[in-house]
Amino acid sequence: MDCRLWASLADRPPAKTLALITDVGNDILYGAAVEDILGWVSTCMGRLRAMGAETVLTDLPLASIASLSAARFLLFRSVLVPSCRLSLHDVADRSAAVAEGLAALAVEQGARFFKLKGEWYGFDPIHIRPRLWQSAWCEILLGDVAPPSDTPRSLRQSLRLYVARPERQRFLGIEQRRTQPAVTIGRATTVWLY
């Protein structure tokens, strides 16, 4: 909520904007309360709506979470968020509550809510399989609309999107910053990551 996105949008002339709010469930593993997560998303959605952005809000990968064994959950929790001590049951319950709240927020804020498909996930329960990235993200962002002609089609273009970094992130405890936009595709598409 306190990133440079808001100042960047305010400083730019109005433009057709498609905003994607995704990976909301990550904060569960960092100990954030369901009410806090939903409050953050609601605030961001309200700001985007006030700026005229069309917003897509993704669900959590609930089918993938439900398919986790305790051992697989422990492996991924230990690798991705070693500080987390929540049980699989706690994570599943909180994820369901966040997903329910997100669906209600989408209706309330006039956003498109996209339910993630279980078949997009494999052994990794929270990241879409790489071979499905292009089709999955086109479906998430565009729904039933055909992708524009400058949608990345080559491996090189897809990799550019994959390695693009947000304006600010922490990696191994070290804060990293990147200028935005992260990627420009053709003449009509600019990707900003916050």
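Residues numbered from 1 in each chain as written. Predicted model: local features only at pLDDT ≥ 70, side-chain atom pairs only at ≥ 80, totals over all residues. Heavy atoms only, no water.

Asks: Residue-level account of the overall build of the chain, with values.
Replies: A count of helical and extended segments in the chain gives eight helices and seven strands. Whereas a compact globule of 194 residues would reach a radius of gyration of roughly 16 Å, the chain reaches 17 Å, a difference of no more than 12%. In terms of overall dimensions, the chain has C-alpha extents of about 45 × 40 × 35 Å along its principal axes. Put simply, the chain has 194 residues, and 34% of those count as buried. When the accessible surface of the chain is summed, it comes to about 12000 Å², and 57% of that surface belongs to carbon and sulfur atoms. Here the chain contributes 23 positively and 19 negatively charged side chains, and the mean placements of these two sets differ by 9 Å. (Helix = DSSP H or I, 4+ residues; strand = E, 2+ residues; numbered from the N terminus. Rg over C-alpha atoms; globule rule 2.2 N^0.38 Å. Buried < 20%, exposed > 50% of the residue type's maximum accessible area, 1.4 Å probe, protein only. Areas by Shrake-Rupley, 256 points an atom, 1.4 Å probe, with all protein chains shown as cover. Lys, Arg positive; Asp, Glu negative; His and termini not counted. Charge placed at Lys NZ, Arg CZ, Asp CG, Glu CD.)

Asks: Before we move on, can you summarise the packing of helix α3 (residues 34-50) against helix α6 (residues 88-109) with the specific residues and values?
Replies: Packing of α3 against α6 brings their axes to within 10 Å, and their N-to-C directions diverge by 25°. The angle between the axes of α3 and α6 places the two elements in the roughly parallel class. Crossing hand, α3 versus α6: right-handed. The segment α3 lies against α6, with V34, I37, L38, V41, S42, M45, G46 and R49 engaging R94, A97, V98, G101, L102, L105, A106, E108 and Q109. (Axes fitted to C-alpha atoms, helices over the stretch in contact; angles between N-to-C directions. Parallel < 35°, antiparallel > 145°, perpendicular 65-115°, else oblique. Left-handed = near helix turned anticlockwise from the far one by under 90°. Contact = heavy atoms within 4.5 Å.)

Asks: Describe the packing of aromatic side chains, and please don't skip the residues or the numbers.
Replies: Overall, the coordinates contain three aromatic pairs when judged by the stated rule. With 5.7 Å between their ring centres and 5° between their planes, F114 and W120 make a pair best called stacked. One exposure class covers both F114 and W120, and it is buried. For the ring pair W133 and Y162, a centre distance of 4.5 Å and an interplane angle of 15° mean the geometry is stacked. One end of the pair, W133, is in helix α7 (residues 133-142); the other, Y162, is in helix α8 (residues 155-163), with 29 residues separating them in the sequence. Sitting above the plane of the W6 ring, R47 keeps its charged end 5.0 Å from the centroid. (Phe/Tyr/Trp six-rings, centres within 6.5 Å; stacked < 30°, edge-to-face > 60°. Lys NZ or Arg CZ within 6 Å of the ring centre and 35° of its normal.)

Asks: An account of the confidence of the model for the chain is requested, with residue identities and associated values reported.
Replies: Chain-level statistics for the chain give a pLDDT mean of 89 and a share of 96% at 70 or above. Across the chain, the element-wise mean pLDDT spans from 79 in α8 up to 97 in α6. (pLDDT = per-residue confidence, 0-100.)

Asks: Quick rundown of α3? Include the residues and the values.
Replies: Its 17 residues place the ends of α3 24 Å apart at the C-alpha level, agreeing with the 24 Å of an ideal helix rising 1.5 Å per residue. For α3, the full list of buried residues reads V34, I37, L38, V41, C44, M45 and L48. In an axial view of α3, the angular spread of the buried residues amounts to 130°, which keeps them on one side of the axis. Turned more than 90 degrees from where α3 packs its buried face, E35 and A50 sit exposed. Of the surrounding secondary structure, the elements contacted by the buried residues of α3 are α1 (5-11), β1 (18-21), α2 (26-29), β2 (54-58) and α6. Looking at the residues trailing α3, positive phi occurs at G52, about 80°. (Expected span 1.5 Å × (residues − 1). Arc of directions from axis to C-beta.)

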